[in-house]
Amino acid sequence: MQSPNPKDVQAPEEPVPFAIGTLPEEEFWERYNRRLEFPLAAVAAVLLHVIVFVVLVFGLLSLMSGTQTPDPKLELVEVAGWDPSGLGSAGSGGNPDPNIIKDVTPEQALRDVLPTPQAIAEAKEKIQKIVLDDPSENIPISPQNLGKYSQLDDELRKKLLGNGSQKGSGPGAGRGDSGDPGAGPGGTNADSTRARGLRWVLRFQVANGRDYLEQLRAMGAEILVPLPPNDKESILFPDLNKPSQKRTATDDDFRRLARKIQFGDTRRDAVVGVVGALGLDVTPKTFFAFFPKELEEQLARLETGFKGRRSEHIEETIFRVTVRGGRHEFVVEEQTAKR
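Residues numbered from 1 in each chain as written. Predicted model: local features only at pLDDT ≥ 70, side-chain atom pairs only at ≥ 80, totals over all residues. Heavy atoms only, no water.

### A closer look at the overall build of the chain
Assigned secondary structure in the chain consists of 11 helices and nine strands. Residues classed as buried in the chain amount to 38% of the 339 residues present. Here the contacts in the chain between residues at least 6 apart in sequence split such that 69% fall between residues at least 24 apart. When the accessible surface of the chain is summed, it comes to about 20400 Å², and 54% of that surface belongs to carbon and sulfur atoms. (Helix = DSSP H or I, 4+ residues; strand = E, 2+ residues; numbered from the N terminus. Buried < 20%, exposed > 50% of the residue type's maximum accessible area, 1.4 Å probe, protein only. Contact = heavy atoms within 4.5 Å. Areas by Shrake-Rupley, 256 points an atom, 1.4 Å probe, with all protein chains shown as cover.)

If you want it as structure tokens, here you go:
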């Protein structure tokens, strides 16, 4: 039997692999949004950007259109304390309650009025010999007070210092049994009211004229305002709780006031502010404040207790004044011993 030709023999067909059916791919939204993650995240991102944009817009608009009111400026006021340099706005009139913004440097203030050592020596000699009638006593006078009294009219200066109003009929200054200078208000002893007033300085912090006046009121001060143009007449406010009860100061008033510790201010801004708060329609050169005896004694105790110095060994004492809630407090800030 003839064998079949290999070429004629057909190769068996290869089996076709069995294809297992698969599920179609998930749609995009079904894959990433099973719990609504995508739309929630998209909405949150858009909302956050909108909020930031709105805040920025309103912030810029507020900066462009809004005005900020600055805190009132505070000033260190030397109230022994006239401002010899005459700082303040020029001219007359003005806002009755202006901000007081000028600082007074005691050394500079003294140089402005008494620019040379010779001028300082002459001013001190004049006050001691002519005003105080005290050629022998070395009465300390603070630089602020030296410049202050050097600017005043002689008649007003003598009235304020009580020169002649308490003087005896004898040729010399009155003395007690011990032979020491009298320590009364018009005496020249270091514990006299006049000697204390010449070496003491008060430092206030004030925002404006009305604040200045309120602090003086809390300290029980009386206010004297010499009227322009020649200071021959003065208005006295004996009770700052009742400013309407002002009156023209008499010689008796000056004699009484000379027995008190006195301070004043000649800075234009301060004077206009305080006088305006008092309701006066004038522009004086200065005003004076007079304090009760209890306040003087309180300051005297602080002065001698500061470094244990006796009053006759002190050239100048500077007190810091703080008034809160209608109550005043004093602290000795600086003290200079006699050389």
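### Considering the pattern of salt bridges
Following the criterion strictly, the structure yields 21 salt bridges and no others. Notably, a salt bridge pairs Asp 191 with Arg 196, separated by 3.9 Å at the nearest N-O pair. The partly exposed category is assigned to Asp 191, whose relative accessible area is 34%. By relative accessible area, which is 7% here, Arg 196 ends up buried. (Salt bridge = Lys/Arg side-chain N within 4 Å of Asp/Glu carboxyl O.)

### Some remarks on a nonpolar patch on the surface
A cluster of nonpolar residues, Val 46, Val 50, Phe 53, Val 54, Val 57, Phe 58, Leu 60, Leu 61, Leu 63 and Met 64, forms a patch on the protein surface that exposes about 1100 Å² of accessible area. Looking at the element boundaries, Val 46 is found in helix α2 (residues 37-65). (Patch = residues over 30% accessible without salt bridge, like charges linked within 9 Å, V, L, I, M, F, W, Y side chains within 5 Å.)

### Thoughts on the environment of Ser 142
Relative to the helices and strands, Ser 142 is located in the loop between α4 (117-131) and α5 (143-151). The exposure class assigned to Ser 142 is buried, which follows from its relative accessible area of 1%. Leaving out residues up to four positions away in the same chain, Ser 142 has contacts with Leu 198, Arg 199, Val 201 and Glu 316.

### Some points on the pairing of strand β4 (residues 234-237)
Going residue by residue along β4, you find Ser 234 and Leu 236 tucked away on one face and Ile 235 and Phe 237 tucked away on the opposite face as well. Both strand β3 (residues 222-226) and β4 contribute to a ladder of four bridges, which runs antiparallel. If you follow Pro 226 over to β4, its bridge partner there is Ser 234. By the bridge criterion, two bridges tie β4 to strand β5 (residues 247-248) in an arrangement that is antiparallel. What sits directly across from Ile 235, in β5, is Thr 248. (Pairing = 2+ DSSP bridges.)

### What to know about the packing of aromatic side chains
For the coordinates displayed, the defined rule picks out four aromatic pairs. With 5.8 Å between their ring centres and 75° between their planes, Tyr 212 and Phe 287 make a pair best called edge-to-face. With Tyr 212 in helix α8 (residues 209-218) and Phe 287 in strand β7 (residues 287-291), this pair connects stretches of sequence that are 75 residues apart. A residue is classified by how much of its surface remains accessible, and Tyr 212, at 0% relative accessible area, is buried. According to the relative accessible area criterion, Phe 287 is buried, its value standing at 1%. Taken together through their ring pairs, the aromatic side chains of Phe 204, Tyr 212 and Phe 287 make up a single cluster. (Phe/Tyr/Trp six-rings, centres within 6.5 Å; stacked < 30°, edge-to-face > 60°.)

### Overview of the sheet that holds β5
Reading across from one edge, β5-β4-β3-β7-β6 is the order of the five strands in this open sheet, with antiparallel pairing throughout. Two strands in the sheet have a free side with no partner beyond their single neighbour: β5 and β6 (261-265). Against the sheet, helix α6 (residues 154-161) contacts β3, β6 and β7, and its axis sits at roughly 10° relative to β7. This element, helix α10 (residues 268-277), spans β3, β6 and β7 of the sheet and lies at about 65° to β7. (Axes fitted to C-alpha atoms, helices over the stretch in contact; angles between N-to-C directions.)

### Describing unusual backbone geometry
In this model, Pro 228 is joined to Pro 229 through a cis peptide bond whose omega is 5°. Within the secondary structure, Pro 229 sits in the loop between β3 and β4.

### Here we look at the confidence of the model for the chain
Predicted confidence across the chain gives a mean pLDDT of 74, with 63% of residues reaching 70 or more. Per-residue pLDDT stays below 50 along residues 71-76; that stretch engages in 22 contacts with residues further than four places along the chain or on separate chains. Here residues 164-186 is a poorly scored stretch, pLDDT under 50, and it has 27 contacts once near neighbours within four places are set aside; other chains count. (pLDDT = per-residue confidence, 0-100.)

### Topic: the environment of Pro 143
Mapped onto the elements of the fold, Pro 143 is located in helix α5. As for Pro 143 and Leu 198, which are separated by 55 residues in sequence, their C-alpha atoms are 9.3 Å apart.

### Points about the packing of α8 against α10
The contact between α8 and α10 brings their axes to 7 Å, and the two run at 70°. Our classification of the angle between α8 and α10 gives roughly perpendicular. Counting all contacts with α8, which are made through Gly 209, Arg 210, Tyr 212 and Leu 213, the residues of α10 involved are Ala 270, Gly 273, Val 274 and Ala 277. In the contact of α8 with α10, the residues fall into five nonpolar, two polar and one charged. (Parallel < 35°, antiparallel > 145°, perpendicular 65-115°, else oblique. Nonpolar A, V, L, I, M, F, W, Y, C, P; charged D, E, K, R; others polar.)

### Focus on the environment of Arg 310
If you trace the backbone, Arg 310 turns up in the loop between α11 (293-307) and β8 (314-324). Classification of Arg 310 by relative accessible area gives exposed; the value is 53%. Residues Arg 310 and Ala 190 lie 120 residues apart in sequence; the distance between their C-alpha atoms is 9.0 Å.

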